[in-house]
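Report on the structure
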Amino acid sequence: RQYQRRVRGHIGNDVVIIIFRDGDEGGSGNRAFFDPLTIKSQFNHVWILVSVERKEKNEVFYRVNILNKFGVKPNRPHLPNPPVFAKDEYFRQWLLTKMINSERAAMYAPDFRAKKSTVRRAALKEIVAFAKSTGKKSLLKKITDKK
């Protein structure tokens, strides 16, 4: 239980999450259902679900599904049809590019922009309070002069 809390705390601060679903829990091709609302977070906006589609000789193929919160616009690279990839350098690059572009798209979602602004305001208040309490007037002057 302690481990789950620690992991959940780290997941809660990520914008894009990759979930690797190991095995075929549903049997006969049915994949286990994933509900992103089971992870309580204000920052999670994109979930990339990856599962093993099939294994052939020395090759593995992955199925990818993507879930977005409302307000996150579709971004490139788009999922192919069917969304199945061989385990190779192309898939690695595709996944990295998708993660980066999804995070950038999430930053413009109305819900995320408001939260990000609130967090920045709180951080700035902490910096000003720290500068006042330590007597670092040069730092405080630089911050307050930019208003």
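No experiment lies behind these values; they were computed from the predicted model shown. (Residues numbered from 1 in each chain as written. Predicted model: local features only at pLDDT ≥ 70, side-chain atom pairs only at ≥ 80, totals over all residues. Heavy atoms only, no water.)

All right, on to the overall build of the chain then. Scanning the chain from terminus to terminus reveals four helices and four strands. Mapped from its N terminus to its C terminus, the chain presents α and β elements in the order α-β-β-β-β-α-α-α. Sorting the 147 residues of the chain into buried and exposed places 27% on the buried side. By element, 54% of the accessible surface of the chain is carried by carbon and sulfur atoms, the whole surface being about 10900 Å². (Helix = DSSP H or I, 4+ residues; strand = E, 2+ residues; numbered from the N terminus. Buried < 20%, exposed > 50% of the residue type's maximum accessible area, 1.4 Å probe, protein only. Areas by Shrake-Rupley, 256 points an atom, 1.4 Å probe, with all protein chains shown as cover.)

Here we take up the sheet that holds strand β2 (residues 46–56). Pairing within the open sheet is mixed, and its four strands lie in the order β1-β2-β3-β4. In this open sheet, the two strands that pair with only one neighbour each are β1 (16–21) and β4 (84–86). Going from strand to strand, the sheet's axes swing by 30° on average, the running direction of each strand aside. (Pairing = 2+ DSSP bridges. Axes fitted to C-alpha atoms, helices over the stretch in contact; angles between N-to-C directions.)

So, on to helix α2 (residues 89–107). Relative to the 27 Å expected for 19 residues at 1.5 Å per residue, α2 spans 27 Å between its end C-alpha atoms, a close match to the ideal helical length. Taken together, the buried positions of α2 are occupied by Phe91, Trp94, Leu95, Lys98, Ser102, Ala105 and Ala106. Relative to the axis of α2, the buried residues are bounded by an arc of 100° and lie together on one face. Away from its buried face, by an angle of more than 90 degrees, α2 presents the exposed residues Ile100 and Arg104. Against the buried residues of α2 lie β1, β2, β3 (59–68), β4 and α3 (110–134). Capping the start of α2, Asp88 holds a side-chain oxygen 3.3 Å from the backbone nitrogen of Tyr90, two or three residues further along. (Expected span 1.5 Å × (residues − 1). Arc of directions from axis to C-beta. Contact = heavy atoms within 4.5 Å. Polar contact = N/O pair within 3.5 Å; in protein donor to acceptor, adjacent residues only side chain to side chain.)

Our next topic: the confidence of the model for the chain. Any segment with low pLDDT has predicted coordinates that should not be analysed in fine detail. Scored by pLDDT, the chain has a mean of 82; 77% of the residues are at 70 or more. Every residue in residues 1–9 scores below 50 in pLDDT, and together they form zero contacts with partners more than four places removed in sequence or on other chains. (pLDDT = per-residue confidence, 0-100.)

Of all residues except glycine, most have a negative phi; of all peptide bonds, most are trans. Following Arg76, the chain continues to Pro77 via a peptide bond in cis, the omega torsion being -5°. Considering the arrangement of structural elements, one finds Pro77 in the loop between β3 and β4. Cis geometry marks the peptide bond from Asn81 to Pro82; its omega dihedral reads 5°. Structurally, Pro82 can be placed in the loop between β3 and β4. For Lys57, which is not glycine, the phi torsion reads 50° and is therefore positive. You can see Lys57 is positioned in the loop between β2 and β3. A relative accessible area of 87% places Lys57 in the exposed class.

What follows deals with the nonpolar core. Within the largest apolar cluster, 17 residues are counted, with the highest numbers of intra-cluster contacts made by Ile48, Val50, Val64, Val72, Phe91 and Trp94. Of the residues forming this core, the biggest block, five residues, is contributed by α2. By size, the runner-up hydrophobic cluster in this structure holds six residues, among which are Ile19, Ile39, Trp47 and Leu49. (Core = buried A, V, L, I, M, F, W, Y, C linked by side-chain atoms within 4.5 Å.)

Here α3 contains 25 residues, and its C-alpha end-to-end distance of 37 Å stays within 8% of the 36 Å for a straight helix at 1.5 Å per residue. Along α3, the residues classified as buried are Phe112, Val128 and Ala131. One or two positions beyond α3, positive phi appears at Gly135, with a value near 75°.

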